[in-house]
Number of protein chains: 2
Amino acid sequence: MQNNIFKALAHPDRRKVLSLLRSGPKLAGDLAAEFDSSWPTMSRHLSVLKEADLISAERQGNQILYRINTSVVEDTAGALLAFIGVSQNDNDDYEEAAE
Amino acid sequence: MQNNIFKALAHPDRRKVLSLLRSGPKLAGDLAAEFDSSWPTMSRHLSVLKEADLISAERQGNQILYRINTSVVEDTAGALLAFIGVSQNDNDDYEEAAE
DNA sequence: TTGCTAATTAGCAAAATTGCTAAATAAGAG
DNA sequence: CTCTTATTTAGCAATTTTGCTAATTAGCAA
């Protein structure tokens, strides 16, 4: 559901999470430490990103490791380029009406 | 600011506007006619897109012509790719990295 | 079991977004 | 000037998002 993706990207802290994950997977706690917001707040940001499939989570014992879903980000950038007529594949995707 | 851009993209109707403008500039009325929402609602969507600099408006007598700001959309797609480490440097290895 | 750390969920209030109708503005025609 | 058309702005209610604190779950170890 593409709408969730764009909504997830609409918050600066969530974009910063993606930026941080760019250099590799990170533990939830290490991510949260990079922000001023409270842990629960960051936890929700992470769940929004996960819901949008922009990141995925893997439990490692006590902690949870997050990693960026590169292909989804890539596809979204592609969708954006499609708006201006740059079609890289034949994936001319817009057909979403409303929600 | 970039935040406005992603926020503007977070609504399906606003993305549809961009999609419609892809084939060329359109009058506000013609755009509004493509949606179920009321005219004032569409007018606000247009103003959000304009605020984000994703589209620009030009008055033509009685009516207002909207066009997509291609470069801004392009830059946003580039910013998205940057999250996954693809640098869209004008100079060299764009092709290589985009692989 | 208890205790500790990591992370999420629950619940609430403040803020922002959405979409409507009604009113206002802008430009042209007569 | 008035009238008509095109579009935006004002103002309001419903919904969604945000961020907090407090409570809860999950895993691990003694």
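Cut-off values and rules
- Residues numbered from 1 in each chain as written.
- Chains lettered and ligands numbered in written order.
- Predicted model: local features only at pLDDT ≥ 70, side-chain atom pairs only at ≥ 80, totals over all residues.
- Heavy atoms only, no water.
- Helix = DSSP H or I, 4+ residues; strand = E, 2+ residues; numbered from the N terminus.
- Near = heavy atom within 4 Å.
- Polar contact = N/O pair within 3.5 Å; in protein donor to acceptor, adjacent residues only side chain to side chain.
- Least-squares fit on C-alpha atoms with pLDDT ≥ 70 in both.
- Salt bridge = Lys/Arg side-chain N within 4 Å of Asp/Glu carboxyl O.

Quick word on unusual backbone geometry
Thought 1: At A:Asp53, a position not held by glycine, the phi torsion is positive, near 70°.
Thought 2: Relative to the elements of secondary structure, A:Asp53 occurs in the loop between helix H4 (39-51) and strand S2 (55-60).

So, the protein's contact with DNA strand D
Thought 1: Taken together, 21 residues form the shell around DNA strand D, and within it A:Thr41, A:Arg44, B:Trp39, B:Ser43 and B:Tyr66 come nearest.
Thought 2: Those atoms of DNA strand D that come within 4 Å of the protein belong to sugar or phosphate at a rate of 58%.
Thought 3: One of the backbone nitrogen or oxygen atoms of B:Gly29 is found 2.8 Å away from a phosphate oxygen of DNA strand D.
Thought 4: B:Tyr66 has a polar side-chain atom sitting 2.3 Å from a phosphate oxygen of DNA strand D.
Thought 5: Elements represented by at least two residues in the surface near DNA strand D include exactly H4 of chain A together with helix H3 (28-32), helix H4 (39-51) and strand S3 (63-68) of chain B.
Thought 6: In terms of residue count, the dominant contributor to the surface near DNA strand D is H4(A) (4 residues).

Things to note about the relation of the copies chain A and chain B
Thought 1: Of the transformation superimposing chain A on chain B, the axial component is 0.0 Å and the angular component is 180°, with the fit at an RMSD of 0.0 Å. The operation mapping one copy onto its partner corresponds to a two-fold rotation axis. Judged by C-alpha distance, A:Ala77 is the residue of chain A that lies nearest the rotation axis, at 2.3 Å.

Here's the deal with the pattern of salt bridges
Thought 1: Under the criterion given, the structure shown has 2 salt bridges over all chains.
Thought 2: Between A:Glu58 and A:Arg67 there is a salt bridge; the shortest N-O distance is 2.9 Å.

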